[in-house]
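# Structural characterization, general
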Amino acid sequence: MQKERFWIFNQFKVIYFALLALIILGFNFILNDALHEKIHHSGQLLVKQVFELEIAPSSNNKILAALVKNEGFMLKPNSSLTHFGHIIKLEREVYNYKTLSLNLYHPPVWIIESYLFILLNLVMFGAASWFYRWWNTLHVNNISRSKNLLASTTPSVKEHNTQVVKVLKNFELSSLYTTAPVCHSLFVLVQCNCHFDNNIDKEASFEVLMVKNFSELSGVSVRLLNCGNLAITLSEVPFSELERYVQHLHKSIFLACRNYQKNITRKDIKVGACDYRLRADQTTVYQLAKAALVLSQRSLLKHCHRLPLNQSQTRVLSSKQVIDNIKKHKFILFFQPLFELSSGDILQHEVLLRVRHSKHGLIAARYFIDQTYSRQDTLILDKGVLIQVKKLLLAEPSQLTVSVNLCSDSWINKKFWSWFSVQINDFKLSSKLQFEISEVEFFNHHEALKDVFVIMKKGGSRVMIDNVKCSENLMKLADHQEVCGLKLSYELVHLVDEKTQNQNQIKTIISISNTLNLPVFAVGVETQKELLMLTKLGVAGAQGFYFSEPLEELTQAVFH
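Another point: the overall build of the chain. In terms of regular secondary structure, the chain is built from 18 helices and 16 strands. Within the chain, buried positions represent 43% of all 560 residues. Of the contacts formed within the chain by residues at least 6 apart in sequence, a portion of 68% connects residues at least 24 apart. Entry remark: accessible area of the chain is about 31,400 Å², with carbon and sulfur atoms responsible for 56%.

This brings us to the side chain of His303. The topology assignment puts His303 in the loop between α9 (282-298) and β7 (304-308). Taking relative accessible area as the criterion, His303 reaches 15% and is therefore assigned buried. Reaching out from His303, the side chain makes a polar contact with the side chain of Lys270 at a distance of 2.9 Å. Beyond its immediate chain neighbours, meaning those up to four positions away, His303 contacts His250, Arg266, Lys267, Ile269, Lys270, Val271 and Ser296.

Next up on the list: the nonpolar core. Membership of the largest hydrophobic core comes to 73 residues, with the highest contact counts inside it found for Leu353, Val404 and Leu477. Here this core gets 8 residues from one element, more than from any other, and that element is helix α11 (residues 375-395). Among residues more than four places away in sequence, those in contact with Leu353 are Ile326, Phe331, Ile332, Leu333, Ile363, Ala364, Ala365, Phe368, Leu381 and Val385.

This part takes up the side chain of Thr527. Residue position: Thr527 is located in the loop between β15 (520-522) and α18 (528-537). Polar contacts involving the side chain of Thr527 include one to the main-chain amide nitrogen of Glu530, which spans 3.2 Å. Look past the residues within four positions of Thr527 in its chain and what remains in contact with it is Ser240 and Tyr546.

A few words now on the pattern of salt bridges. Opposite charge on two side chains permits them to pair, given that their charged atoms come into close proximity. The final tally for this structure, using the stated rule, is 7 salt bridges. A salt bridge links Glu241 to Arg244; the nearest nitrogen and oxygen atoms lie 2.4 Å apart. Its relative accessible area of 47% is what places Arg244 among the partly exposed residues. One salt bridge connects Glu243 with Arg306, and the closest N-O pair in it is separated by 3.1 Å. With Glu243 in helix α8 (residues 242-258) and Arg306 in strand β7, the pair connects residues that are 63 residues apart, well separated along the chain. According to the relative accessible area criterion, Glu243 is partly exposed, its value standing at 31%. A single network of salt bridges, built from pairs that share partners, joins Glu243, Asp275 and Arg306.

This part takes up the pairing of strand β3 (residues 183-192). For β3, a buried count of 8 out of 10 residues is recorded, marking the element as mostly surrounded by other parts of the structure. Bridging between β3 and strand β5 (residues 230-238) involves 7 bridges; their strand directions are antiparallel. Pairing of Val188 across the sheet is with Ile232, part of β5. Bridge count for β3 against strand β6 (residues 269-276) is 8 bridges, and the pairing is antiparallel. For Leu186, the partnering residue across the bridge sits in β6 and is Asp275.

Despite not being glycine, Glu236 has its phi angle at roughly 55°, a positive value. Here Glu236 is to be found in strand β5. Look at Glu236 and you get partly exposed, because its relative accessible area is 44%.

What counts as what
- Residues numbered from 1 in each chain as written.
- Predicted model: local features only at pLDDT ≥ 70, side-chain atom pairs only at ≥ 80, totals over all residues.
- Heavy atoms only, no water.
- Helix = DSSP H or I, 4+ residues; strand = E, 2+ residues; numbered from the N terminus.
- Buried < 20%, exposed > 50% of the residue type's maximum accessible area, 1.4 Å probe, protein only.
- Contact = heavy atoms within 4.5 Å.
- Areas by Shrake-Rupley, 256 points an atom, 1.4 Å probe, with all protein chains shown as cover.
- Polar contact = N/O pair within 3.5 Å; in protein donor to acceptor, adjacent residues only side chain to side chain.
- Core = buried A, V, L, I, M, F, W, Y, C linked by side-chain atoms within 4.5 Å.
- Salt bridge = Lys/Arg side-chain N within 4 Å of Asp/Glu carboxyl O.
- Pairing = 2+ DSSP bridges.

The structure is reproduced here in C-alpha cells:
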C-alpha cells in the first residue's frame, strides 16, 4: 500500500510538471499574440496619421522618422540592434492606408513588453510552487497517518525474543538513530501579560490554538487557573523534542497574543514546564512547573524553563515496602544496554531494579533507592538482586557482561562479601559479572575496599567507576587493576552539545583515561546532538533512552 502511494505521487509529479510547462507556454503565446495585435493596430494608426498630414516619405524623411520613432517603430534597422541579430531579430511589417504604404521595423514583442512577460511568469511559478508544496504536505501527512496506523497495529516489543539484541550488534552507529523515541508528557504553566477583551473565552481560545498547533500529539488540554495563568498539558511528546515543544508553545502563544495587543513582546509571555512519565505524582509535577515559571519570571533573557521530574522528586514506596517486596520476590530486573559507538555493538547490560506496586505497577529504583536503609536492609536488597542475576547468567547463553550497582553500604559490609565469596565457589560465570561504584564512594573507601577487590579478582569480576564528574582523582586509578572503565555523570552528559564547560571537562577526563588505558562511557544520552558531540569528544560507548528503553526480554527465561 505504501509503495503504491509513492508510485502514484511520483506519477502525479511527472504529470504536474508536464502540465505546468504546457500551461506556462500557452499563456506566454496568448500574451505574445495580444501584444503583437496591439503593435499592429498602432502601426495602422501611424500610417493613417502620415497620410492625413500629407507627409511625403521621400522629401520629409526627418519628420517621418520622428513620428515613427515616437510610436516605437523604425524606418530602417537600428545598427545597435543588428549587432545582436542572433538573439534579437527585428520584425518588419508593411502597413497600408489608402494609397500610402510604409515598411516599418520594430523589436520583438517580448523585448518591448518584457516586464509583462516577467510578471506573468512570476505569478504562474509562484502559484505552481504554492500548489506543489500544499500537495506535498498533504502527501507527507497521509504517510505519517499511515505510519502511525501501522505502528498501532505492530506487535509489542515483548513479543520479540533476545534476537533483537543480536541484530542490533551488527548495526552501524547510524542505525541506532532510528530507535523509537521515548515519550513524556509536558505540564506547562503560562503567565500571559496580555489584555484580552472581556467577551473572549480565554480558555477556549487557547485550547483551539493548542490543538491546531500540536495536532500531531495524542492529547492536548488547556485550563485557566484562578490566578490567571494557563495550565497546558501536552501528552506523548518525544523525549528528544521536549525543549523544542516548550519553545514552540511559547512562540505560538506570543503570536496569538500579538493579534490582540500589537505592542506585546516575548518577555510578556513566561513559561514554566515540567516533563514527567506515566503515573507521576501530579502535585509534584505542578510544583516543579511552578518553580520553572518562577525561574522564567526572574530571567530577563530566557522566557522558558523546563524542570524534569527525576528520581529525587517523588517517592511512591517507603523503604520498608521496598524491602518487604524484595523478600516476597515482588520485583523484576530490566537491562539497559551499553553500546560501543565505533561499531554499534552492545558491550554489556546494566541491571535496573523494578519493584512491583499494587497500584502503580512496576516502580523504577530511582524513585526509592535514595531513601535511608539499614545495613541489614541493603544486604537483603543486594543479595536478592544478585541471586536473580546469577539465575539469569546460568540460564542465558549470551557472552555479554552484566553490570550491577550495589548500595554504598554493601561495599563495606563484610557479611555481604562473605556471602558473595561463597556464591563464587559454585558459580563459574562470575567473569560475566561487573560491579559499579560511584566515584565518590570509590575514592573515599578505596583503602577499605582492598579485601573486596581480592574477592572479586578471585571470581574474575571487575569494577566500573560510575558517576564521574571531574578528573581530579583519576590518576590514582593507575594502582587499581580491578577497574575496567569509567562512566560519566548524567550532569556532564545532559545537553553537552550546548555546554562548553562540560565538553572541556569530558575532554580532560578522556585524556587522562587514555593514559590509563581505561574506556570512558556516557550514561543518560537522550538526543542525537548529545550523541554526536560525545562521539566527537572521544567517548567509547553510551547508553540511555535515546538508544533503547530498558529491556525486559532477557529476563523472561528466569521470571515467570
